[in-house]
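Secondary and tertiary structure notes
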Amino acid sequence: MLAKRIIPCLDVKNGQTVKGVNFENLMYAGDPVSLAKKYSDEGADELVFLDITATNEGRQTTLDMVEKVAQQVFIPFTVGGGIRTVEDINNLLHAGADKVSLNSAAVNNPELIEKASNKFGSQAIIVAVDSKKVDDDFYVFINAGKKNTGIKVSDWVNKVEKLGAGEILLTSMDADGTQNGFDLEVTKMVSESLNIPVIASGGAGANVQHFVDVFEKGQADAALAASIFHYGTLPVPTLKKELKKYNIPLRSKN
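Along each chain, residue indices are assigned from 1 in the same order as the chain's sequence is written. Since the coordinates come from a predicted model, pLDDT governs what is reported: local features require at least 70, and pairs of side-chain atoms require 80 or more to be given and counted, while whole-chain, interface and lining totals use all residues. The side-chain numbers reported here are obtained from all heavy atoms of the structure, hydrogens and water having been left aside.

**Description of the overall build of the chain**
The test is simple: Every helix listed is a DSSP run of H or I at least four residues long, and every strand listed is a run of E at least two residues long, numbered separately from the N terminus. Only protein chains enter the accessibility calculation, which uses a 1.4 Å probe; a residue is then buried when its area is under 20% of its type maximum, exposed when over 50%, and partly exposed in between. In what follows, a contact means two residues having at least one pair of non-hydrogen atoms within 4.5 Å. A 1.4 Å probe and the Shrake-Rupley method give the accessible areas. Residues count as covered only by the protein chains that appear here.
Within the chain, the secondary structure is distributed over 10 helices and 12 strands. Per-residue burial for the chain yields a buried fraction of 56% across its 254 residues. Sequence separation of at least 24 residues holds for 67% of the intrachain contacts in the chain that already meet a minimum separation of 6. Counting every atom, the chain has about 10,700 Å² of accessible surface; 46% of that belongs to carbon and sulfur.

Now the structure itself:
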């Protein structure tokens, strides 16, 4: 089993970190720059920064905040939200991001994945997939979870891998913010079908077993969480210490 990664996520709206349940009812969770520095200092493996309203508001991710966060962290840093063009990606990487996360734009313009991975390298291109179960299958949603594309998750993830994506950030909308555990069904399905890493997102609670399960049963390469880290119910150092007791391989620097 390869080393697993623990990744705090900063969902940002109007310059502030927020968190909701099932993509709704957003609550303030702290200053993103301060939180980013804290997580970097605590030993998180990576950070994800998502400007969650940029796409729906028709604007780009705030570059000055990306620059401020990048100055405070010394771990890989992914940025998503409002990215539509290769130029947008170039600007974010120049501002200090190590990777970018494409979601709605990738669905609307799959060619962007191929162009971006060819220009910047697949390691810099993550495709975020917001998944929701409809009837008996999982479907891809875009526009901050507001629009069902009608595309099956299984079909989409295999397509984006072929187009050159280096990683999948898979968020279960059904589990998001519930703190009842990751969606192991969709995570396992995606992980088993791909040769690129899968980051599991949505549903992490202050329960180490949630992470053990998503790594062992869901076969995820990394686990992303927000609420439990922002509100201190399961800090990164505590989680990593506990995971070692379950013989979950972690990055050696921690």
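**Notes on helix α5 (residues 111-120)**
Operational definition: The arc refers to the directions leading from the helix axis to the C-beta atoms.
Listed in full, the buried residues belonging to α5 are Leu-112, Ile-113, Ala-116, Ser-117 and Phe-120. The buried residues of α5 occupy an angular sector of 120° when projected down its axis, which confines them to one face. Exposed residues pointing more than 90 degrees away from the buried face of α5 are listed as Asn-118 and Lys-119. On its buried side, α5 packs onto α3 (86-95), β6 (99-102), α4 (104-108), β7 (125-134) and α6 (153-163). Gly-121, located one to two residues past α5, shows a positive phi value of around 95°.

**Side note on the environment of Glu-185**
Note the following rule: Pairs of N or O atoms are called polar contacts if they sit within 3.5 Å, as long as, within protein, a hydrogen donor faces a hydrogen acceptor (for residues adjacent in sequence, only side-chain-to-side-chain pairs).
Residue position: Glu-185 is located in helix α7 (residues 184-193). Excluding its chain neighbours within four sequence positions, the residues that come into contact with Glu-185 are Lys-133 and Phe-138. In this structure the side chain of Glu-185 is engaged in a polar contact, spanning 3.1 Å, whose partner is the side chain of Lys-133.

**Focus on the pairing of β7**
The test is simple: Paired strands are those between which DSSP finds at least two bridges.
In terms of residue burial, β7 counts as a mostly covered element, since seven of its 10 residues are buried. Across three bridges, the pairing between β6 and β7 is parallel. Counterpart to Ser-101 in the pairing with β7 is Ile-126. As defined by bridge partners, β7 adjoins strand β10 (residues 167-172) across six bridges and the pair is classed as parallel. Paired with Asp-130 across the bridge in β10 is Thr-171. Pairing of β7 with strand β8 (residues 137-142) involves five bridges; the strand directions are antiparallel. Considered in β8, the bridge of Ser-131 is made with Val-140. What sits between the antiparallel neighbours β7 and β8 is a turn of two residues, in which Asp-135 has the positive phi angle 60°.

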